[in-house]
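The chain contents come next:
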Amino acid sequence: MNLFCVGLSHHTADVELRERFAGHAAVDRRLREELGCTEVLLLTTCNRVEVYAAAEHPIPTERIAHCLLAANTTPLGEEVDAFYRHEALHCVQHLFRVASGLDSMVIGETEILGQAKKAYAAARESGAAGPFLHRLFQRAFRVAKQVRTRTDITRGAVSVGSVAVDLAAKIFGHFEKRKVLLLGAGEASERTARALVKRGVRDIRVANRSVERAQALANLISGSAVPMEEWETHCREVDILISSTAATSPIVTQSNLAPLLRDRLDRPLFIIDIAVPRDVAPDVNEMEGVFLYDIDSLQSIAQQSLAQRREQIAAGEEIIAGHVGDFSGWFVAARERTIGEPSLRTSES
Amino acid sequence: MDRELLLVSTLFFFLAMVRTVVAIRGGNYQPAGFNFFAIALGFVLQTAFLTVRGQALGRCPLTSLFEVFIFLAWSVSLIYLLVGPAYRLSLMGAFTAPLVFGLQTFALLALIDQRHPRQLDPSPWLELHASVSLIAYGAFALACVAGLMYLVQERQLKRRRLNSMFYHFPPLTDLFAAITRLLWLGFALLTVGIAAGFFTGQPLPYVKIAWSLGVWLFYAAILFARHLGTTAPRAIAALCVVAFTAALSLLWGITFLSQTRSL
């Protein structure tokens, strides 16, 4: 029995090429009926298209790639060079790395695990996945969970919006009773506000020079529009201030913030300044109970998190290596039962 | 025999401390169950020590500075085991273990395990006074630990430098709520402890009364400032650290003096 993975990903192909091989509804049936695969699982995400399969005889990469073509008639040329192929234990190792997020564009992202589970469920339902793939994917899900819990690979947000939300969570814990004021109705503040709404914020106020724009954004995020002239009054009540106006000089300074904070010394104020040029004077961060983050500091934390995740790759690989070793015992025995061949082919082409 | 129990107990707190330090230095801190179990085992051995010592003395083992320190370390562990998991302050163990380790190591090395020849007669009120007051100190110790955590977390957020430990810290507002609850718990216990002292039926040493009331007033002032809302949480957290450090130094001084002179 040959166990292999053939595919292309963000490492080897651009999005245009990946789209061409995104597969079609009947691809697993074709792989089984036309190419003779005994078990097939198709994993398609925005960053990868991969076929995991078991077959009695070796099947050339070109034939599998041809099956994956969305438009069946297009000729394959050099595109096939973008495909990689992993066999036997290399295939096992590759899947464990993919499921754990080590092979992802954003290292440590967890969405891939959900996508792999979905692909596995679909293959089980259609009868395309049999005992080999069942065992392989169940183990992959376990490995991914271990890598996630035993290392810091998923730790820290890696985009500006999620960094802001994570920091807010570190200050306030729960969001249900938190109040947010948006100064300016730009796209960036809208994204951050949406992320906060998703985490449970119910009270969002939008202040903008254009009242219509403020109202439009407030409607989108179930908030309320307030006059720009009244931002200071609202600032007394809110916990989070997101600023992204087009002002050319700071509109939030120590002098206008100090009187607003006098009555709320026991409540922290988190200010997210995503405007360029900045809306909030940098020395505001020195005020008691105020935590100011501008676009540079948010981006720097995102970069820092990514770097920390990269440092965790070695620890993740170690966990994976242990599981590949464990899995090889079962795999050798299963192969022997299937073809009576004790040796394992572990070459990678 | 009882000292051996204490040595092994100290070893468990040492292990919890070392594991945390190594993890933090390696940039991969995970609040695993190891800390909690190491502290729980250390606590069991502390309890065994206090039981053996209490049976040998025929009274609550608070007859020397050594026993006072161990009872205090036991109170800190007790409050941590009760409060830590309830408020999801698993990281508190990382700060509690060094504190208990320090208290016990000091007690073991400082040659203070000497029974004072002049002992007050055992009385239920006296034992209630001493034990409840020390458990109150345990709560204040944990408030100090939570205060330290608050200061570390606040500093990281202000400086925008977040290390791997940052992600395991509880949110600032949760920490502040825990500080407030621990302060109230300690304050209530200390009030009961001080009140019990007046029922012992024995002459009260004026220095101890002044010291107890001083500590009580200090914590009352912190709680008052907390509830007025006019003091920043950072200042409250810092005051918790200062108050406990001062109270612990005074406790040592007063107990030491009361063993050498009649106060």
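Residues numbered from 1 in each chain as written. Chains lettered and ligands numbered in written order. Predicted model: local features only at pLDDT ≥ 70, side-chain atom pairs only at ≥ 80, totals over all residues.

**A look at the overall build of chain A**
Note the threshold: Each helix is a run of DSSP H or I of at least 4 residues and each strand a run of E of at least 2, with the numbering of both proceeding from the N terminus. For a compact globule the rule gives 2.2 Å times the number of residues to the power 0.38, and the radius of gyration it is set against comes from C-alpha atoms. Residue burial here comes from a neighbour count, namely the number of other C-beta atoms, placed from the backbone, that lie within 10 Å of the residue's own C-beta, with 20 or more meaning buried, 12 or fewer meaning exposed, and in between meaning partly exposed. C-beta atoms are placed from the backbone for every residue, and two residues are taken to be in contact when these atoms lie within 7 Å.
Looking only at helices and strands, one finds 13 helices and 10 strands in chain A. Expected size for 349 residues packed as a compact globule is a radius of gyration near 20 Å; at 26 Å, chain A overshoots this value by more than 25%. With the C-alpha coordinates aligned to their principal axes, the bounding extent of chain A is approximately 80 × 45 × 35 Å. The buried share among the 349 residues of chain A stands at 42%. Within chain A, contacts between residues separated by at least 24 positions form 70% of all contacts whose residues are at least 6 apart in sequence.

**Brief notes about the overall build of chain B**
Helices and strands together make up the secondary structure of chain B, namely eight helices and zero strands. Listed N to C, the secondary structure of chain B is α-α-α-α-α-α-α-α in terms of helices and strands. Expressed as a percentage of its 263 residues, the buried residues of chain B come to 44%. Of the contacts formed within chain B by residues at least 6 apart in sequence, a portion of 82% connects residues at least 24 apart.

**Describing the interface of chain A and chain B**
We apply this condition: Classes in brief: Ala, Val, Leu, Ile, Met, Phe, Trp, Tyr, Cys and Pro nonpolar; Asp, Glu, Lys and Arg charged; the others, Gly included, polar.
Contact with chain A, which involves 19 residues of that partner, is made by 17 residues of chain B. Sorting the residues of the side of chain A that touches chain B by element identifies α7 (160–172), β10 (290–294) and α12 (295–311) of chain A as the ones contributing at least two each. Ranked by residue count, the leading element in the side of chain A that touches chain B is α7 of chain A, at four residues. Within the side of chain A that touches chain B, the residues separate by chemical class into eight nonpolar, six polar and five charged.

**Some thoughts on the sheet that holds strand β3 (residues 48–55) of chain A**
All names here are of chain A. To keep things clear, this is the line we draw: Pairing between two strands requires that DSSP report at least two bridges joining them. Here an angle of 0 to 180 degrees is reported between the N-to-C directions of two axes, which are lines fitted to C-alpha atoms, with helices fitted over the stretch in contact.
Spatial ordering of the open sheet is given by β2-β3-β1-β4, a layout of four strands whose pairing is antiparallel. Of all the strands in the sheet, just β2 (37–44) and β4 (84–87) have a single pairing partner and so form its edges. With direction set aside, neighbouring strand axes in the sheet form an average angle of 15 degrees. Pairing between β2 and β3: seven bridges, direction antiparallel. Bridging from a neighbouring strand, Val 40 pairs with Ala 53 of β3. The sheet contacts of helix α3 (residues 61–68) involve β1 (2–9), β3 and β4, and relative to β3 the element is tilted by about 125 degrees.

**Details of the sheet that holds β10 of chain A**
Residues and elements named next belong to chain A. Across the sheet, six strands lie side by side as β7-β6-β5-β8-β9-β10; this open sheet has parallel pairing. With one partner strand each, in any of the chains shown, β7 (224–227) and β10 form the two edges of the open sheet. On average, each strand axis in the sheet is inclined to that of its neighbour by 20 degrees, with strand direction left out of account. Docked against the sheet, α7 engages β8 (240–243), β9 (269–273) and β10, running at close to 170 degrees with respect to β9. Across the face of the sheet, helix α8 (residues 187–198) comes into contact with β5 (179–183), β6 (203–208), β8 and β9 while running at roughly 170 degrees to β5.

**Observations concerning unusual backbone geometry**
A negative phi holds for most residues other than glycine; trans holds for most peptide bonds. Residues and elements named next belong to chain A. Cis geometry marks the peptide bond from Val 276 to Pro 277; its omega dihedral reads 0 degrees. Within the fold, Pro 277 resides in the loop between β9 and β10. Although it is not a glycine, Ser 222 sits at a positive phi angle of roughly 55 degrees. Summarising the element assignment, Ser 222 is placed in the loop between α9 (211–220) and β7.

**Thoughts on the nonpolar core**
Residues and elements named next belong to chain B. So the rule is basically this: Each nonpolar core consists of buried Ala, Val, Leu, Ile, Met, Phe, Trp, Tyr and Cys residues. Their C-beta atoms, within 7 Å, join them into a set.
Formed by 74 residues in total, the largest nonpolar core has its most connected members in Leu 142, Ala 143 and Ile 179. Counting residues per element, the ones that place at least two in this core are α1 (2–25), α2 (33–57), α3 (65–83), α4 (92–109), α5 (124–159), α6 (172–197), α7 (206–228) and α8 (233–260). Beyond its immediate chain neighbours, meaning those up to four positions away, Ile 179 contacts Ala 143, Ala 146, Gly 147, Tyr 150, Ile 236, Ala 237 and Cys 240.

**Concerning the environment of Gly 147 of chain B**
All names here are of chain B. One can find Gly 147 in helix α5. Taking the C-alpha atoms as reference points, Gly 147 and Tyr 206, 59 residues apart in sequence, are found 31 Å from one another. Dropping the residues within four chain positions of it, Gly 147 is found in contact with Ile 179, Ala 237, Ala 238, Cys 240 and Val 241.

**Here's the deal with the pairing of β2 of chain A**
In terms of burial, β2 of chain A is largely enclosed, as six of its eight residues are buried. Here β2 of chain A folds back onto β3 of chain A in antiparallel fashion, the turn holding three residues.

**Quick word on the packing of α7 of chain A against α8 of chain A**
Residue and element names in this part refer to chain A. Applicable threshold: In these notes the angle categories are as follows: under 35 degrees is roughly parallel, over 145 is roughly antiparallel, 65 to 115 is roughly perpendicular, and the rest is oblique. Working rule for handedness: look at the near helix, and if it is turned counterclockwise from the far one by less than a right angle, call the crossing left-handed; if clockwise, right-handed.
Contact geometry for α7 and α8: axes closest at 9 Å, N-to-C directions at 45 degrees. What the angle tells us is that α7 and α8 run oblique. With respect to the hand of their crossing, α7 and α8 are arranged in right-handed fashion. Between α7 and α8, the residues in contact are Gly 161, Ser 162, Ala 164, Val 165 and Ala 168 and Arg 191, Thr 192, Ala 195 and Leu 196, respectively.

**Comments concerning helix α5 (residues 111–126) of chain A**
Residues and elements named next belong to chain A. Under the convention used in this document: Given a helix with a known number of residues, its expected span is that number minus one, times 1.5 Å.
With 16 residues, α5 ought to run about 22 Å at 1.5 Å a step, and its terminal C-alpha atoms sit 23 Å apart, in line with that. The inward-facing, buried residues of α5 abut α2 (27–33), β2, α4 (88–99) and α6 (131–150). Where α5 terminates, the next one or two residues include Gly 127, which has phi positive at roughly 85 degrees.

**So, the packing of α7 of chain A against α12 of chain A**
Residue and element names in this part refer to chain A. Where α7 meets α12, the axes come as close as 9 Å, and the angle between the chain directions of the two elements is 95 degrees. Accordingly, the angle class assigned to the pair α7 and α12 is roughly perpendicular. For the pair α7 and α12, contact is made by Val 160, Val 163 and Ala 164 and by Ile 295, Leu 298, Gln 299, Ile 301 and Ala 302, respectively. Grouping the amino acids of the contact of α7 with α12 by side-chain chemistry returns seven nonpolar, one polar and no charged.

**A look at the confidence of the model for chain B**
Heads up, the rule is: Each residue carries a pLDDT value, the predictor's own confidence for that position, ranging from 0 to 100.
With 85% of its residues at a pLDDT of 70 or more, chain B shows a mean pLDDT of 82. Across the interface, the model reports ipTM at 0.73; the global pTM reads 0.71.

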